Amino acid sequence: MSDEPSLEPLSAAGRGPTFASIVTRRLSRRALLRDTVLSGLTIYLPRVFHGAPAPAESRLAFGHVGSTTGDTMAVADGHTATVLLRWGDPVVPGAPPWTPSAQTAAAQAQQFGYNCDYVGFLPLPRGSESSQRALLVVNHEYTNPELMFEGYVGGAPTADQVAVQLAALGLSIVEVERGADGWRVIGDSPFNRRITGTTPCTLTGPAAGHPLLATGADPAGRTVAGTFANCSSGRTPWGTVLSAEENFHDAFGGRAGLRPLSDDLLNHARTGIATGRSKWSWERHEPRFDVSRHPHEPYRFGWVVEVDPYDPTWVPRKRTALGRMRREAANSVVASGGQLALYSGDDIAFEYIYKFVTRQRFDPRDRRANRDLLDDGTLFTARFNANGTGDWLPLVHGVGPLTAANGFPSQAEVCIHTLKAADLVGATKMDRPEDIEIAPDGTVYVALTKNPLRGTAGQPPPDDANPRPLNKHGHVIEIFEAGNDHAGRRFRWRLFLVCGDPRDPDTYFAGYPAAQGLSRISCPDNLAFDHAGNLWIATDGQPETFGINDGLFVVPTEGPERGRVRRFFSAVAGAEVTGHAFTPDDAALFLSIQHPGEGSDLSAPSSRFPDRALPPRPSVLVLEHVERRPIGSAAPAAGATVTPTG
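Residues numbered from 1 in each chain as written. Predicted model: local features only at pLDDT ≥ 70, side-chain atom pairs only at ≥ 80, totals over all residues. Heavy atoms only, no water.

Peer 1: Would you mind showing me how to read the sheet that holds strand β26 (residues 524–529) here?
Peer 2: Strand-to-strand pairing in sheets goes through backbone hydrogen bonds, with the strands running parallel or antiparallel. Spatially, the five strands line up as an open sheet ordered β1-β29-β28-β27-β26, and their pairing is antiparallel. Two strands bound the open sheet, and with one partner strand each, they are β1 (74–75) and β26. Summarising the sheet, β26 and strand β27 (residues 535–539) pair through five bridges and their orientation is antiparallel. Note on β27: the bridge partner recorded for Ala528 is Trp536. (Pairing = 2+ DSSP bridges. Helix = DSSP H or I, 4+ residues; strand = E, 2+ residues; numbered from the N terminus.)

Quick look at the structure:
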C-alpha cells in the first residue's frame, strides 16, 4: 500500500529534445494565447485564478489516499464505497438466482452481465434532475472465462460456455433508488432489461443495407444479432445512451482462410482480426465468428449503438453514419447552431480522434424528432498541427481522396472503412485515444492512455500532440473549438497532463509544482466531470507501470490548483476502474470495478472481490460522503472511513 515515488531510472529516450521543445513551445497558456492571435482563431480559454480559490476547487478537501496492492481497496477519508450490483445479480424481474457452478445462457440473459464498464445515471422521471431515483445503464465489455468457469480450457470452450459469455455481454438497465438505508436496485421495475450478444439490433444510416453488411442470416444487411465489446459510452440530450463497440475484433478469427489479397482479408487485417483462432474461440460453436466462412459478419460490429433506457420496447440502433472503428466513448454536446457534436477516440496505438456533427438541429421540445438525428451528418477526424492549431478533416465521399478510385464509391464505404479513410486524409496518429469528455465550460478533454511503441524502430516518432517516446504513462489533451462552436472545423489544443511520476522531468501537470502534493498517475482511461468542473480520471495500467492497483483521481482544471492530481480511490488486484458517473447533486458517484483478478485464474486467483469468495465478480460501486455532502468534501472530524473489499 506504499505510495512512495518510483525510483526507476528515467529513460534516456524520454529526455530527448522533442519533449523539452514541447514544454517550451506548447504547454504554456501564454504561448497558446499568442498563437491564437497569430492564427486568427477565436477561442475560449478556461479562467486561471490567481487570487481566492475558484468555486470548482472549494470542495476538494479530502485527505491523502495511498495506493493499494493486492486485494485491498481504499477510498478517501469520510467516504464509503458500497457494492450495488455484482455479476450475476438479478436484473429482469423473476430472474433465477446466480449459480456459478451451473450457469446457463438463459439465466445469464436475465442477470447482471460481466466486466461492467460505462455507467450512466439517467434520472427518473425522465427530464428531471433527480438524484434519488434513476435508471443505471451499464456496459459489459468482455469476459474472463478463466475466472468465470471451473475447469475452463483456453482455446477450447464448451458450447455452453460460449453461450453464457455472449449472454454476459451487452448492457444492463436497472432502476435504482436511494432510501434512508442507502441505494438499492428496484428488482421488479418494468424498466429493467438486458441487451446481450444475441439481442437483435437494427442498422441505420448510410451503411445500412450495404452488401458488405449482408450475411446468410441477414441478406438485407439491416439486422444484427447482438452487441458486444461495449466499452465507454455517452448520453444524448434526449435521454438515450450511445454504447461504443470497441474491441470487437477479439471475437473473430480465421482471417488466414480468406483469399490472398482479397478486400475482405485486407479490411479485416486493418481492424486486427486474427489470422488463426480468435481470442475467445467462439467460432468453435458459433460459425458466424469464423471470417473464412462468414467474411461479412465483422462489418456489423464496431458501431455506436443507441439504446433508449426509458423505452424497453425500442430496438437498439447501430448508427453507421458515425463510422466504424474500435471506438472508445461517444460523448456529445449541443453546438452553438443547435447541431449535436459527438466525439470519439479509436483506442489503438497510432489511431485517430473523430467528431460527428449532425445535419439537423436538436429539438429540446420534441424527443421523437431527435430519434434519427444521428443518421445524417458529417464525420470528421482530427489533425493536430505543431503550432497548437488543429483541423477537423471531413470524411465525406467525393471530398479529397475519398473517391471511387480509392475504394470509396459512396458514403457507405467511408462509414464501413473509416480507418482507411482517416489514413488517406492525413489525420494525426495518436497514443491510444480513449475517453473524450466535454467540460462544463465547453473545453474538450481527451485521454491518451499510453503508447510504448511511439518512437521505436519502424513506428511514428514523437510529435507535438504525442511528445513522449516510449509513452508508457499516457497524457491528456485539451481542445478548444474555434469560436466556441463544436460544429466548426478548426480548433486549438494544448497538453494538460503528461502522466507519470511527478519527479520525472518528462511529466507535466498543467504547470502545478511537482513538489506540492501531487499523486503519481499512469494510463488515464475514463474521464468524467463533476458539476463543479473538476476532472475525474480513472486509470487502466498502473500495475504494469508502477506496481500498484489502478485508481480514480481528481484534478481541477481551473484556479490555483489547476493540474494538482490527487488519488481519491484505489481498486483491487487485477481490476480496472472505469465508468464513473455522478448524480446531479454530486452526492453519489457510481463506478465500475472491471475484471478483478485479471491475470490469474480460479486455481490461484489474485482477487476474491467483492465478497471474499470465488469466483471474483465485476461490480458497480456507489461512493458517498458519510454526511451526504458532495463527493470530495472533507472528512468529518471524527476520522477516516476506509472500506475493505468485503
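Let us keep going from here.
Peer 1: Sorry if this is basic, but what is going on with the confidence of the model for the protein here?
Peer 2: Residues shown with low pLDDT carry predicted positions that ought not to be read at fine detail. With 90% of its residues at a pLDDT of 70 or more, the protein shows a mean pLDDT of 92. Segment residues 1–16: pLDDT under 50, and 31 contacts once partners within four positions in sequence are set aside and those in other chains are kept. (pLDDT = per-residue confidence, 0-100. Contact = heavy atoms within 4.5 Å.)

Peer 1: Quick question: what am I supposed to make of empty space enclosed by the protein here?
Peer 2: All told, the structure shown has one cavity of 30 Å³ or more when counted by the stated rule. Here the largest cavity is characterised by a volume of approximately 60 Å³. As for the largest cavity, its lining consists of Asn267, Arg270, Thr271, Arg324, Ile416, His417, Thr418, Leu419 and Lys420. The set of elements that each furnish at least two residues to the lining of the largest cavity consists of α6 (263–270) and α8 (418–425). Within the lining of the largest cavity, the residues separate by chemical class into two nonpolar, four polar and three charged. (1 Å grid on protein atoms, 1.4 Å probe; cavity = no way out; pocket = protein on both sides within 12 Å on 5 of 7 lines; lining within 4 Å. Points joined across faces, edges and corners; volume = space filled by probe spheres on them. Nonpolar A, V, L, I, M, F, W, Y, C, P; charged D, E, K, R; others polar.)

Peer 1: Is there a simple way to think about the layout of surface pockets in this case?
Peer 2: Unoccupied space between atoms shows up once a probe the size of one water molecule is rolled over them. Here the largest pocket defines a volume of roughly 1200 Å³. Residue lining of the largest pocket: 46 residues in total, with Phe121, Arg235, Thr236, Ser332 and His531 positioned closest to the centre. Breaking the lining of the largest pocket down by element, the ones donating at least two residues are β3 (116–123), β10 (230–235), β14 (327–334), β21 (433–438), β26 and β30 (576–582). Per-element accounting of the lining of the largest pocket gives the leading share, six residues, to β3. Residue classes in the lining of the largest pocket are distributed as 20 nonpolar, 16 polar and ten charged. Looking at the second largest pocket, its volume works out to about 560 Å³. The wall of the second largest pocket is formed by 34 residues, among which Tyr142, Asp540, Glu576, His595 and Glu598 lie closest to the centre. In terms of residue class, the lining of the second largest pocket is built from eleven nonpolar, eight polar and 15 charged.

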